[in-house]
Amino acid sequence: MAPKESAPSALEAVQGFSRRTVLKGIGVGAAGIAVAPVLAACTGGSKPSSGGGGGGSSSKSVTVGSGSSDDVPKRAYQAVFDAFKAQSGDTVKVNTVPHNDFQNNINSYLQGSPDDVFTWFAGYRMRYYASKSLVAPIDDVWQSIGSNFSDALAKASTGDDGKKYFVPNYNYPWGYFYRKSLWAAKGYQVPKTFDEFKALCAQMKKDGLIPIGFADKDGWPAMGTFDYINMRTNGYQFHVDLCAHKESWDQQKVKDVFDNWNSIRQYQDPSALGATWQEAAQNLSKKKTGMYLLGSFVTQQFTDKAVLADIDFFPFPAMAVEGQDSVEAPIDGLMLTKKAANNQAAKDLLKFMGTGKGQDAYASVDTSNLQTAKDADTSKFNALNKKSAEIIANAKNISQFFDRDALPAMANNVMIPALQNFVKTGSIDTKNLEAQAKSLYAAQ
Amino acid sequence: MTDLPLVGVPRDTRSKQAPTPSTGKPQRRRRVRRLNGRDKLVLGVMVGIPTLIQAVFVWIPMVLSIALSFTKWNGLALSDIKANGLQNYKFVTQNYPPFWPAVQHNIIWLAFLALIATPIGLLLAVLLDQKIKGSRIYQSIFFTPVMLSLVLVGIIWQLMYEKDNGLINNLLRTANTSHAVDWYGNSKVNLWAALVAATWRHAGYIMVLYLAGLKGVDPSLKEAAAIDGATAPQTFFRVVFPAMRPINIVVVVITIIEALRAFDIVYIINRGTNGLELISALVIQNLVGEGQVIGVGSALAVMLLVISLVPITFYLARTFKKVD
C-alpha cells in the first residue's frame, strides 16, 4: 500500500483532496440540514409559480399549504381538492407539513414564499396575521358565500379592520360528555344552571364516582374550563377582550372566574396533571368519571361502537350572564396568502370550500367534525352530530379556544403553567398574569 | 510515509528529508515557514472551512442571540425589532414564575448527577474492573441505556412509572387504588422520578469512561501500594483515583454539562411544566413554536450560556495548561 519516494505527492494530493472534500461535504451537509426546516417551512420555494409570479386572473393552478397531516384530515382535504378539480378544471398542488411544524413555522412560512391557500384557524391567530398584512382579504369571495354562513361564523371570519380573511370549513363544540346508561341507572338529570351542576357533582361524589373527568398533562385542556367559566361569569365580549388583552387580568372579574372554578375544583379528577385527554376519555368510557368537558373529538377515543352509541353531551351550564348563549366551537378553515391576492383559481378554491359541496367532500372522509355551510348535507349525521350542529346553530356567540383567541405566547407560556398551578393549589396570582401579559402583548 | 505532516512541509523538501529526519531539524524549522501558494491555499481551506462552519453555526447565532436578548421582536419583519434594554432580563427574573423553579431544578439536577449518578458509575466501573465472570456482559447491559436517546429513556421509564398500568405501582400493589403515586404527574415526586431515569443512563456513561481510566492506570502502582501494606480502599482512594486525574476532570465537566443541557427527558414527560421546569426547556418554549417570544427566549438562552461558560472555561483552561 505504501508508495515509495515518487508517490507521496500524489498520495498527499489525494489525501488532502479527500479531506478537504470531506470538510466541504460536512459544511454543505450541515448547511443542508440547517436549511431543510426552513425549506420545509417555505414549501413554496421550488414549486412552479402559480399565482404570485403572474398575478393575473388567468392562472389556472393553485397551491395549498396544509397542516392537516394526520391521515384522516389529509385524505379529507384531498377529497375536497379532487372535487374542486373535477368541478373547475384547475389543478391543486398540496404541500402537507406535519401540523406542529406547520403551526410553529407559520411566521417564516407566511413571510417566505408561501402557497396560495393555507389551512388555519379562526380567532386571534387569524386576526393577528391579517393585521400584519401577511394574508389577503377575501371580501369578494364572501360576497358569493356570505349567505351560506351564520352571523357568528361570519364574525369569526372577520379581521380587526372589518374585512373577511377566512373561509370556515368545519367546527366542533366543547361540552360535557357523559354515558347515557350510567346517568339513566343513577337517575341523573342534565343540569341547566351552575347550582344544579354543583348539586349533581355532589351526588356523583356520594355515589363513588369522580364527578368531572379532567386531564391537563398537556396544559391546554384546562383552558376549556377557564373559557367557559369566564364566558358564563363575564360574558362573551369580556372573553374576547381579555384574550386580546384589552382587559386587565388583575381585576375582580378575573378573580371571580377562579373563585367559581374553585367551587367545583374538588369535583375534578385529582390526578389531572399526570393524565392526557385520551386517558380521561377512557375513564369516562369505563364509567369511572361522571362527565368530561372536552371538544367533540373526544368521541374518536371510543372505538367500541356500543360505547359510542351510549355517549351524549350537554352544554356548559348557565352561571351569571348570557345563559348558555356562548359555545366554544373552534373553527378550522382556509385562508389566502398575500402573494395570491390576485390568483383567481385560489379564490375559486376558497369559494368552493365555502359551499356545502366542498365541505361535504371533506366530511365524507372526516366524520368527526361538522360542516359549517348552511347548504351542507347533514343527512349522514349521527345523533351526536345533529345535536352538536343544533347547539352551534343556536349559539349567539362562538368562541374559539383560549389558545386560538389569545396571543399564542400568552396561552402557551403563561396560561399553561398558571392553570396547572391553579389546578394543583387552587390559588392564582392575577397580578403576575397581568404583568406577564403586559410584557408579552407589548412585544408584538 | 502517510503519517508525515500534511501541510507546512513543501513536498520537494520532504522526499529528501524523510530518510534522514534526525539531521534535518534546524533546516526543517526554517523551511516550514516557506509556504508556497498551494500550501497557503490548503492551509486556508483547512482553517477557513472549519472557522466558517464554526462562525455560521456557533458564533454568529450566539452574537445574534445576545443582541436579540436586549430587544423585543415579534419574529416578523426585521424592522419590527425594537430595543428593550434589560427589560427581558427583568421579566425573566421578576415576572416569569417558572424561571426560579427552573434554576432550582437545574441545581438539584446537577447535585443529583454529581453526588449520586456519577459515584454509581464509578462504583460500577470499579466492580467490573475486577476480573469477575461475565464482566463484558454486565458492561454491555449497563452501557445500553447510553446508546438510547433520553427521549427513549423517558418513554421506557414511563412504562415503569404509569399510575395504574406501571410496573412500580403494581409491585407496590397500589395500582388502581387511591394510594397510587402518579410518578410523572405529581409535582412533588416527578423531578426525582425523572432524575432516576436520567441516572440510569448517566451512570452507564460514567462507567465506560472510568473503565477506560482504570485500564490506563499502571498496575505497578497498585503493586507498589500493596507491597507498602495499603488496604484495597486505601489503594483505590489514595493511589488509583488520583492517578485517573485526567478522566476525573472529563467526568466532572461531562456531569456539569449533562446537568445544564438536560432537556429531552423532561420535554418528553410533560414539556417541562408542572414541577419539571428546567432552563433549557424554558428556552425552547420561548424560542421555538407558537409561544415564541424571541426577546425573552434569547435572554434565557444567554443566561444558560453564561452559566455553561463557567465549567467550559474551567475545562479549557485545564486542557491548555496541560499542553503547555
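Numbering of residues begins from 1 in every chain and follows the order in which that chain's sequence is written. As a convention, the first chain written is A and the first ligand written is 1, with the rest following in written order. Residue-level local features of this predicted model are given only where pLDDT is at least 70; pairs of side-chain atoms are given and counted only at 80 or more, and the full residue set underlies all totals for whole chains, interfaces and linings.

### Side note on the overall build of chain B
Okay, so step 1: In this description a helix means any DSSP run of H or I spanning at least four residues, a strand means any run of E spanning at least two, and both kinds are numbered starting from the N terminus. Counting its regular elements, chain B contains 15 helices and 2 strands.
Okay, so step 2: Field definition: a residue is buried when 20 or more other C-beta atoms are found within 10 Å of its C-beta, exposed when 12 or fewer are, and partly exposed for counts in between, with C-beta atoms placed from the backbone. Per-residue burial over chain B gives 31% buried out of 324 residues.
Okay, so step 3: Any pair of residues counts as being in contact when their C-beta atoms, constructed from backbone geometry, are within 7 Å of one another. Long-range contacts, defined here as pairs at least 24 residues apart, represent 61% of the contacts in chain B between residues at least 6 apart.

### With respect to the environment of Glu258 of chain B
All names here are of chain B.
Okay, so step 1: Among the structural elements, Glu258 can be located in helix 12 (residues 245-261).
Okay, so step 2: The class of Glu258 is buried, set by 21 C-beta atoms lying within 10 Å.
Okay, so step 3: Between the C-alpha atom of Glu258 and that of Trp109, which follows or precedes it by 149 residues, the distance is 9.1 Å.
Okay, so step 4: Contacts of Glu258, omitting those with residues within four sequence positions, involve Leu113 and His202.

### Details of the nonpolar core
Okay, so step 1: By our criterion, buried Ala, Val, Leu, Ile, Met, Phe, Trp, Tyr and Cys residues that link up through C-beta atoms within 7 Å make up a nonpolar core. In terms of nonpolar packing, the biggest core is built from 177 residues, with Val117, Phe177, Tyr292, Leu349 and Leu350 of chain A together with Ala194 and Ile265 of chain B touching the most fellow members.
Okay, so step 2: The element contributing the most residues to this core is helix 9 (residues 190-216) of chain B, with 12 residues.
Okay, so step 3: By convention here, the domain bounds are inherited from an automatic or database domain assignment. When residues of this core are assigned to domains, at least three fall in each of domain 1 (51-171 + 331-392) and domain 2 (174-328 + 407-442) of chain A.
Okay, so step 4: In this structure, Ile265 of chain B is in contact with Leu150, Val153, Gly154, Ala194, Ala197 and Ala198 of chain B, ignoring residues within four places of it in sequence.

### Thoughts on the sheet that holds strand 4 (residues 166-171) of chain A
Residue and element names in this part refer to chain A.
Okay, so step 1: Strand pairing is assigned whenever DSSP identifies at least 2 bridges connecting the two strands. One open sheet accounts for 6 strands, arranged 2-1-3-10-4-11; its pairing is mixed. Sheet topology places strand 2 (91-96) and strand 11 (370-371) at the edges, where each strand pairs with a single neighbour.
Okay, so step 2: Inspection of the sheet shows strand 4 paired to strand 10 (residues 331-336) by 5 bridges, in the antiparallel sense. Opposite Val167, over in strand 10, you have Leu334 as the bridge partner.

### Re the domain arrangement of chain A
Residues and elements named next belong to chain A.
Okay, so step 1: As assigned here, chain A comprises domain 1 (51-171 + 331-392) and domain 2 (174-328 + 407-442).
Okay, so step 2: On a C-alpha basis, the centroid separation for the pair domain 1 and domain 2 is 29 Å.
Okay, so step 3: On the side of domain 2, 11 residues touch domain 1, which itself brings 7 residues to the contact.
Okay, so step 4: Only helix 5 (124-131) and helix 17 (383-394) provide two or more residues apiece to the side of domain 1 that touches domain 2.

### Focus: the confidence of the model for chain A
Okay, so step 1: Confidence of the predictor at the level of single residues is given by pLDDT, which spans 0 to 100. Scored by pLDDT, chain A comes out at a mean of 82, with 87% of its residues at no less than 70.
Okay, so step 2: Predicted confidence is poor over residues 1-59 of chain A, with pLDDT under 50, and the contacts of this stretch with residues over four places away or in other chains come to 70 contacts.

### Re unusual backbone geometry
All names here are of chain A.
Okay, so step 1: Positive phi outside glycine occurs at Ser133, with the angle close to 60°.
Okay, so step 2: Here Ser133 is to be found in the loop between helix 5 and helix 6 (139-145).
Okay, so step 3: Accessibility expressed as a C-beta count within 10 Å gives 12 for Ser133, which makes it exposed.
Okay, so step 4: Even without a glycine there, the phi angle at Lys287 is positive, about 65°.
Okay, so step 5: Taking the number of C-beta atoms within 10 Å as the measure of exposure, Lys287 has 15 and is therefore partly exposed.

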